[in-house]
Amino acid sequence: MDGWPGPAKFLSMLDPFGRKITYLRVSVTDRCDFRCTYCMAEDMTFLPKAELLSLEELDRLCSAFVAKGVRKLRLTGGEPLVRRNVMGLVRSLSRHLQTGALDELTLTTNGSQLAKYAAELKDAGVRRINVSLDTLDAAKFRGVTRWGRLEQVLEGIEAALGAGLHVKINAVALRGINEDEIETLMRWAHGKGMDFTLIETMPLGEIDADRTAQYLPLSLVRARLAQSFTLDDSDYRTGGPARYVRVAETGGRLGFITPLTHNFCESCNRVRLTCTGKLYMCLGQDDAADLRTPLRASRDDALLSTAIDEAISRKPKGHDFVIDRRRQAPAVARHMSVTGG
Ligand code: SAM
Ligand code: SF4
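## Observations concerning the overall build of the protein
So, step 1. When helices and strands are counted, the protein shows twelve helices and 14 strands.
So, step 2. Computed over its C-alpha atoms, the radius of gyration of the protein comes to 19 Å, within 12% of the 20 Å expected for a compact globule of 341 residues.
So, step 3. Principal axes of the C-alpha set define a box for the protein whose edges measure 55 × 50 × 40 Å.
So, step 4. By the burial criterion, 56% of the 341 residues in the protein qualify as buried.
So, step 5. Long-range contacts, defined here as pairs at least 24 residues apart, represent 73% of the contacts in the protein between residues at least 6 apart.
So, step 6. Summed over its atoms, the accessible surface of the protein is roughly 14,700 Å², and 51% of this surface lies on carbon and sulfur atoms.
So, step 7. Treating the 48 positive side-chain charges of the protein as one cloud and the 43 negative ones as another, the clouds have centres 2 Å apart.

Structure follows, in structure tokens:
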């Protein structure tokens, strides 16, 4: 029948607060070729390789979620493009785009490997990607990422644009680091037709730096930008937590991800899977469900499906991130690279 949405459209997972879970973010590795100061300590201990799910197992898990109504999959990490043969996973998951079961397959990357993979990603059905870039100053870039090279990331972004991918630039707002560069970054991104989103630092995992010193509230950044730019509220949504404005002077879109100044949990539609098969129902809480055991216990997905339902029934109402001087320990002990940003 014309216009018939197909069976997957009728399936959905509802959490206890009536939120429909349609978005799965998958950390395919906790490893990374950078060591961003707000994300990792320099000397990180990573998971033993033997604990990782194989790419086939990750595919099976993702596919089980798609069968239960997930419409958007984002691969992240750590750095997703440093996992060996990750393109094999992208290509196999893209079958769900072809059947119409999935609306979007996308990834968040630091851009270091994009020159190598951009064309292949486009070819596999990826349409949009997020690239994290906090500064356009090579020395600062080296300072923030510790191990990264700006030139390599810029080449990667050009390759992605050249391949026809829509690129969104994500920058973490860092007091005293890129605070004075936010306008430059925005103009640069918009000049290349890319959306630009700012993120507040979240208290996840022990890092070497002082988070209180790094934290820059986006309410302040927005007020400063509003002195030079006309920011028109927009209802544009990508299924994620960003709230957008249209910047009249650049014609581009500017997003704000504000877990600390504005709690976005009421419209949360996502859950996060780690590379060892743990499902986190909230980025800001410790509760997780083990999906590796039911995955490995049987060849069909009945046990897995029950375990997913049980996990979704425990999705909490929200997080309680706070960054202040009295509370020095992170709200959540695991790093963003484990749960997937
Ligand atoms: N390596 C990839 C990248 O950098 O895009 C994907 C994983 S990274 C953990 C995903 C996003 O989380 C990046 O945009 C990064 O800037 C952000 N991020 C990492 N740690 C964060 C923190 N503590 N607070 C806020 N954002 C963070
Ligand atoms: Fe790596 Fe991304 Fe974390 Fe930076 S933010 S250390 S690139 S995982």
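## Things to note about the pattern of salt bridges
So, step 1. Under the defined criterion, the tally for this structure stands at 20 salt bridges.
So, step 2. Here E42 ties to R146 by a salt bridge, and the two come within 3.9 Å at their closest N and O atoms. Placement of E42 in the loop between β3 (23-27) and α1 (55-67) and of R146 in the loop between α5 (138-145) and α6 (150-162) is noted, with a sequence separation of 104 residues between them.
So, step 3. The partly exposed category is assigned to E42, whose relative accessible area is 40%.
So, step 4. The salt bridge partner of R187 is E183, with a shortest N-O separation of 3.6 Å. Of this pair, R187 and E183 both sit in helix α7 (residues 182-191), four residues apart, which is roughly one turn of the helix.

## Examining the site of ligand 2
So, step 1. Taken together, C32, F34, R35, C36, C39, M40, G78 and N110 make up all the residues around ligand 2.
So, step 2. Considered class by class, the residues forming the shell around ligand 2 number five nonpolar, two polar and one charged.

## Points about the nonpolar core
So, step 1. Residues L24, L73, I169, F196, L254 and L279 are the most contacted members of the largest nonpolar core, which totals 95 residues.
So, step 2. The element contributing the most residues to this core is α1, with seven residues.
So, step 3. The contacts of F196, once residues within four sequence positions are left out, are I169, A171, I182, L185, M186, A189, H190, R253, L254 and G255.

## A look at the packing of aromatic side chains
So, step 1. Summed over all chains, the structure comprises two aromatic pairs.
So, step 2. Seen from their ring centres, F34 and F141 are 5.9 Å apart, and the 85 degrees between their planes marks the pair as edge-to-face. With a gap of 107 residues between them, F34 in the loop between β3 and α1 and F141 in helix α5 connect regions that are remote in the sequence. Across the pair, F141 and F34 agree in class, each one buried.
So, step 3. Between the aromatic rings of Y236 and Y244, the centroid separation amounts to 5.0 Å while the plane-to-plane angle is 75 degrees, which identifies the pairing as edge-to-face.
So, step 4. Y244 sits in the buried class, given a relative accessible area of 3%.

## Examining the environment of A248
So, step 1. Position of A248 relative to the elements: it lies in the loop between β10 (243-247) and β11 (253-257).
So, step 2. With a relative accessible area of 44%, A248 lands in the partly exposed category.
So, step 3. Taking the C-alpha atoms as reference points, A248 and D232, separated by 16 residues in sequence, lie 7.2 Å from one another.
So, step 4. Residues in contact with A248, not counting those within four places in the same chain, are T230 and D232.

## Thoughts on the sheet that holds strand β13 (residues 278-280)
So, step 1. With mixed pairing, the twelve strands of this open sheet are ordered in space as β9-β10-β11-β8-β7-β6-β5-β4-β3-β12-β13-β14. Looking at strand neighbours, the two that pair on one side only are β9 (231-233) and β14 (288-290), the edges of this open sheet. Strand-to-strand, the axes of this sheet are offset by a mean angle of 25 degrees, without reference to chain direction.
So, step 2. When β3 meets strand β4 (residues 72-76), the two strands line up parallel, connected through five bridges. Its bridge partner lying in β4, S27 is registered against T76.

## Focus on the side chain of E57
So, step 1. Inspection of the secondary structure assignment puts E57 in helix α1.
So, step 2. Looking at E57, the relative accessible area reads 18%, which means it is buried.
So, step 3. Ignoring sequence-local partners within four residues, the contact set of E57 consists of L295 and R296.

## Notes on the packing of helix α4 (residues 114-123) against α6
So, step 1. Orientation of α4 relative to α6, taken along the N-to-C sense of each, is 15 degrees, at an axis distance of 8 Å. With respect to each other, α4 and α6 are oriented roughly parallel. Remark: the crossing between α4 and α6 carries right-handed chirality. Contacts between α4 and α6 involve L114, A115 and A118 from the former and G156, I157, A159 and A160 from the latter.
So, step 2. Taken together, the residues of the contact of α4 with α6 break down into six nonpolar, one polar and no charged.

## Some details on the site of ligand 1
So, step 1. The environment of ligand 1 is made up of 18 residues, and the closest members are Y38, G78, T109, S132 and M202.
So, step 2. In the environment of ligand 1, an oxygen atom lies 2.5 Å from a nitrogen or oxygen atom belonging to the side chain of S132.
So, step 3. Considering ligand 1 on its own, with 550 Å² of exposed area, one finds that the protein chains cover 95% of that surface.
So, step 4. Among the residues making up the shell around ligand 1, the classes are represented as six nonpolar, nine polar and three charged.

## A short note on α7
So, step 1. Restricting attention to buried positions, one finds in α7 the residues I182, L185, M186, W188, A189 and H190.
So, step 2. Just beyond α7, the residue with positive phi is G193, at close to 75 degrees.

Calculation rules
Residue positions are given per chain, counting from 1 as you read along its sequence in written order. As they are written, the chains are lettered A onward and the ligands numbered 1 onward, keeping that order. It should be noted that, the model being predicted, local features are given only for residues of pLDDT at least 70 and side-chain atom pairs only at 80 or more, the latter also being counted only at that level, while totals for whole chains, interfaces and linings use all residues. Computation of side-chain values covers all heavy atoms of the structure but excludes hydrogens and water. Counting from the N terminus, the helices are the DSSP runs of H or I reaching at least four residues and the strands are the DSSP runs of E reaching at least two. For a compact globule the rule gives 2.2 Å times the number of residues to the power 0.38, and the radius of gyration it is set against comes from C-alpha atoms. In this scheme, a residue with accessible area under 20% of its type's maximum is buried, one over 50% is exposed, and one in between is partly exposed, where area comes from a 1.4 Å probe on protein chains only. Here a residue-residue contact requires only that any non-hydrogen atoms of the pair lie within 4.5 Å. Surface accessibility follows the Shrake-Rupley procedure with a 1.4 Å probe radius. Residue values consider only the protein chains on display as shielding. Charge counting follows a simple rule: Lys and Arg are positive, Asp and Glu are negative, and His as well as the terminal groups are ignored. Just so you know, the charge point we use is NZ for Lys, CZ for Arg, CG for Asp and CD for Glu. For this document, the term salt bridge refers to a Lys or Arg side-chain nitrogen within 4 Å of an Asp or Glu carboxyl oxygen. Any residue with a heavy atom lying within 4 Å of a molecule or strand is counted as near it. The residue classification treats Ala, Val, Leu, Ile, Met, Phe, Trp, Tyr, Cys and Pro as nonpolar and Asp, Glu, Lys and Arg as charged. All others, Gly included, are polar. As used here, the term nonpolar core means buried Ala, Val, Leu, Ile, Met, Phe, Trp, Tyr and Cys residues forming a set that is joined through side-chain atoms within 4.5 Å. Only centres within 6.5 Å qualify two rings of Phe, Tyr or Trp (six-membered ring in Trp) as a pair; their planes then separate them into stacked at under 30 degrees, edge-to-face at over 60, and tilted for everything else. Any two strands are treated as partners once DSSP identifies two or more bridges connecting them. The angle between two axes is taken between their N-to-C directions and runs from 0 to 180 degrees, where each axis is a line fitted to C-alpha atoms and a helix contributes only its stretch in contact. Roughly parallel means an angle under 35 degrees; roughly antiparallel, over 145; roughly perpendicular, 65 to 115; everything else is oblique. What makes a crossing left-handed is the near helix being turned counterclockwise from the far one by less than a right angle; a clockwise turn instead makes it right-handed. In the analysis that follows, any N or O atom pair within 3.5 Å is treated as a polar contact, provided that within protein one partner can donate a hydrogen and the other can accept it, and provided that, for residues neighboring in sequence, both atoms belong to side chains.

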